[in-house]
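# Fold and contact review
These are the residues of each chain, in order.
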Amino acid sequence: MTTATPQQQELLTVCALRAGNKSVDWNLIARTCQSPEALQVVLGGDIPEDSAIARKSLTLLREALASIGDARARVATELEAAEKAGARLVTVLDPEYPANLRLVPNLPPFLFHLGDLEERDARSAAVVGTRNASEGGLRRAARMARLLVEEDVVIYSGLAKGIDTAAHTATLDAQGRTVAVMGTGIAAKIYPAQNKGLASRIVAEGGAVLSQFWPTSGSATWTFPRRNVVTSGSTMGSIVIEASSTSGAKMQARIAHEHGKQVFLIKSLATSEPWAAKMIEEGKAVEVSDLDDVLSRLGNAKRVQQAAQQRLQLALAGL
């Protein structure tokens, strides 16, 4: 079984609790269970957050606790699947939980990952865009990734075909570090299947592949928007290379703005897509003409790590 401390297993158990076909909101669990004491409060049938979603979830939690044995069995099955995949686990209870991600309100309670998660991941940017990329878009994604690697920036993307693939591949070719955020479980089939080799290469060459889902979870329409949340939350900012008004990358730009992250839109995108021009006009995004437009606004990694540590200490203190 993938090594999990008793506290980690208890957190996963809370996530696995179900009443009918419903579970307690995972973002609520992640926000409220960042200390062992708070986790025990939840396992005791209470929720230490005063919010509408907490009040709505309280009845569901108490009903689901009656079937906690089923939840523990689900956790054991998922941990076994993670072990077979060679994956490791990090949760909001752990200091190793990604610093940038800890600072957003809709963080996931746990991540399964292949490859190491590193402190230097705090200085990172997401390079994202459409699956149906143009040749020009692919070239711009690769160039942006290479330039950022030269400045020791870690490149995140979503392992999708198109822009994501170009960003991951160019980063590896430039001997940089890249992290792929999956839209499926860590033990499920890679989606798209054509990127199975890329995922393996990322891990083999010092990067990481991570997932916020149960290890055996397959792809679904709702998993990819949630992946966008983690891709945005894990980084200092999102750089959108090419995206239509219906693209998931446009959604990530919106999410990044809501997270208080930097949103960078390539000049060619800003001139071709009204949604991008509008974000820039409203001050929600920065138009990128050259690398300095990104680097000058990325922020300070040490400050992010300090803020994340402070957030964890407040949780441990019960504040």
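Residues numbered from 1 in each chain as written. Predicted model: local features only at pLDDT ≥ 70, side-chain atom pairs only at ≥ 80, totals over all residues. Heavy atoms only, no water.

This part covers the pairing of strand β3 (residues 124-128). Among the five residues in β3, five count as buried, and that is most of the element. Neither face of β3 is left uncovered, since the one carrying Ser 124, Ala 126 and Val 128 and the one carrying Ala 125 and Val 127 both have all their residues buried. Pairing of β3 with strand β4 (residues 154-157) involves three bridges; the strand directions are parallel. From the neighbouring strand, Ala 125 faces β4, where its bridge partner is Ile 155. The handedness of the β3 to β4 crossover, carried by helix α7 (residues 135-150), is right-handed. (Buried < 20%, exposed > 50% of the residue type's maximum accessible area, 1.4 Å probe, protein only. Helix = DSSP H or I, 4+ residues; strand = E, 2+ residues; numbered from the N terminus. Pairing = 2+ DSSP bridges. Right-handed = clockwise from strand over helix to strand, strands pointing away.)

To find the voids left in a structure, one rolls a probe of water-molecule size over its atoms. Volume-wise, the largest pocket comes out at about 530 Å³. Elements supplying a minimum of two residues to the lining of the largest pocket: α1 (6-16), α2 (26-32) and α10 (223-233). For the lining of the largest pocket, the element with the highest residue contribution is α10, accounting for three residues. Among the residues forming the lining of the largest pocket, the class breakdown is 12 nonpolar, six polar and four charged. (1 Å grid on protein atoms, 1.4 Å probe; cavity = no way out; pocket = protein on both sides within 12 Å on 5 of 7 lines; lining within 4 Å. Points joined across faces, edges and corners; volume = space filled by probe spheres on them. Nonpolar A, V, L, I, M, F, W, Y, C, P; charged D, E, K, R; others polar.)

Enumeration according to the criterion identifies one cavity of 30 Å³ or more in this entry. Reported here for the largest cavity is a volume of approximately 40 Å³. Taken together, Val 14, Val 24, Leu 28, Ile 29, Thr 32, Val 42, Ile 47 and Leu 61 make up the full set of residues lining the largest cavity. Classifying every residue of the lining of the largest cavity by side-chain character gives seven nonpolar, one polar and no charged.

Residues Gly 237 and Ile 239 line one face of strand β7 (residues 237-240) and the alternating positions Ser 238 and Val 240 line the opposite face, and both faces are buried. As defined by bridge partners, β3 adjoins β7 across four bridges and the pair is classed as parallel. Of the residues in β7, the one forming a bridge with Ala 126 is Ser 238. In this structure, β7 lies alongside strand β8 (residues 262-266), joined through four bridges in parallel fashion. Residue pairing for β8: Val 240 is matched across the bridge by Leu 265. After leaving β7, the chain enters helix α11 (residues 248-258) and then returns to the sheet as β8, a path that is right-handed.

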